[in-house]
Amino acid sequence: MELDINAYRRLIAIGSALSEEKDINDLLAQILREAKIMASADAGCLYLRTELDTLEVAAVVNETLHDTLNSFKSDNEGLFPVLLLHRRDGSPNLENAASRSVHQAKTIYLDEVGSAPLDIAQSVLTVPLTSQSERPMGVLQLLKARTSNHQAVGFPPEVVPFIESLASLATMALQNRRLLDQQVVLKTQLENQVDERTEELRLTLEKLSEANVILKDLNTIDAVTRIKNRRYFDDIAVQEWRRAVRQQYPMTLMLLDIDHFKWVNDNLGHLAGDACLHSVAECIDELFNRPSDVVARYGGDEFIVIMPYIRHDNATIYAERVRDAVANRKLVVDGQVVKVTISIGVASGMPNETITDIRQLIARADEALYEAKADGRNRIVGIDINTSLKLDA
């Protein structure tokens, strides 16, 4: 009765440790030690089934060995050899108690074993590590039962159920470890898949972002002249005007119109007209290199330039450079040199209570352009919106 009470207590303690012990080797060694104590065995070992369908010792405990296979295997290879579960012809290997217990999935008790590897043993108790859903995972084997005065005896029948219970706990521990290992593998696989999908998504978004930038940029480019278009200018002009109002700096707008452009289209054809537009646009764009300057096609044969921080006196200097550059540029169409000139209207000034909108500045530049064309073309008319001072060139 005393054995039963102590044995049950130990089983309960090991069952509790099953959910707390994270090191599977320590837990298996603990189970094996308890089995040795319960059965009063001289030694015990735990064989585990491998993927190669063999049995290898995972833990051993006796009077001199109290460790797991990792530390003693190399020194005791002959004492605890790998056991084959099948013969070369594929038939079950039933020559030893451990492999026979695995194949038959039942407890095997032998007395006075003479052909086992440990032939000095007088009794061997071999219990399979079985579960309802899986084949046996190994065996728990006890060697040499002894009395309290170290006399060799057989294993008492009443101890067998307790050893089988310990073997079940070992099986549960192995199954739990296998499930945890599978969870770790699945978690790692899932994390890797998430990382791969995240990277794919990042690259896709990056490509979409690049494509969106390119598309947005293409939507702001005039197809004929390859400079900014009217839509871009309308957006940027409002932003620049608001910034000029906040920071109170001067701004210049320049409207440019190709002189006699209709004659080019009517007499040389629309392809020549496109070549003329492209040449003039290129000439204008080359002269404005500041990041804040914007050159755009305003419509038809008109171009517009916005120049933040530029006052009226400097604006007319820029306008003259543009007019002169276009007048001296050679445009060759079908082997024929085409003479091209432009007229320019310039409006400059600081935002104030009378000039509150960029459209007012554009309107004043348009008035100046109309006046320049009326005065004979290839001319510049500029106006300072703050002083109403005009300058003709």
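Use the structure listed above.
Residues numbered from 1 in each chain as written. Predicted model: local features only at pLDDT ≥ 70, side-chain atom pairs only at ≥ 80, totals over all residues. Heavy atoms only, no water.

Trainee: Whenever I open this one, the pattern of salt bridges confuses me. Can you help?
Mentor: Should their charged atoms come close, side chains of opposite charge can pair. Scanning all chains against the criterion turns up 17 salt bridges. D357 is the salt-bridge partner of R359, the closest N and O atoms lying 3.2 Å from each other. Relative accessible area serves as the criterion here: at 24%, D357 is assigned to the partly exposed category. One connected set of salt bridges, linked through shared partners, spans E196, R197 and E200. (Salt bridge = Lys/Arg side-chain N within 4 Å of Asp/Glu carboxyl O. Buried < 20%, exposed > 50% of the residue type's maximum accessible area, 1.4 Å probe, protein only.)

Trainee: Whenever I open this one, the environment of Y249 confuses me. Can you help?
Mentor: Structurally, Y249 is set in the loop between α6 (230-247) and β9 (251-258). For the pair formed by Y249 and Y309, sequence separation is 60 residues and the distance between their alpha carbons is 5.7 Å. Other than its neighbours up to four places away in sequence, Y249 contacts E240, R243, A244, P308, Y309, M350 and P351. Reaching out from Y249, the side chain makes a polar contact with the side chain of E240 at a distance of 3.4 Å. (Helix = DSSP H or I, 4+ residues; strand = E, 2+ residues; numbered from the N terminus. Contact = heavy atoms within 4.5 Å. Polar contact = N/O pair within 3.5 Å; in protein donor to acceptor, adjacent residues only side chain to side chain.)

Trainee: How should I be thinking about the packing of aromatic side chains in this particular structure?
Mentor: Geometrically, a pair of aromatic rings is defined through the distance of the ring centres and the angle of the planes. Inspection of the entire model under this criterion finds four aromatic pairs. On the basis of an interplanar angle of 80° and a centroid distance of 6.2 Å, the ring pair of Y109 and F155 is categorised as edge-to-face. Remark: F155 occurs in the loop between β8 (152-153) and α5 (160-218) and Y109 occurs in strand β5 (residues 108-111); sequence separation between them is 46 residues. Residue F155 is classed as buried on the basis of its relative accessible area of 6%. Here F233 and Y298 contribute two aromatic rings whose centre-to-centre distance is 5.9 Å and whose plane-to-plane angle is 90°, an arrangement assigned as edge-to-face. Here F233, found in helix α6, pairs with Y298, found in strand β10 (residues 294-299); they are 65 residues apart in sequence, far enough to count as distant. (Phe/Tyr/Trp six-rings, centres within 6.5 Å; stacked < 30°, edge-to-face > 60°.)

Trainee: Would you explain empty space enclosed by the protein in this entry?
Mentor: Leftover empty space is mapped by rolling, across the atoms, a probe with the size of a water molecule. Applying the stated criterion to the full structure yields two cavities of 30 Å³ or more. Approximately 40 Å³ is the volume attributed to the largest cavity. Around the largest cavity, the lining residues are S279, V280, V326, R329, L331 and V340. When its residues are assigned to classes, the lining of the largest cavity shows four nonpolar, one polar and one charged. (1 Å grid on protein atoms, 1.4 Å probe; cavity = no way out; pocket = protein on both sides within 12 Å on 5 of 7 lines; lining within 4 Å. Points joined across faces, edges and corners; volume = space filled by probe spheres on them. Nonpolar A, V, L, I, M, F, W, Y, C, P; charged D, E, K, R; others polar.)

Geometric values such as these leave the question of function open.
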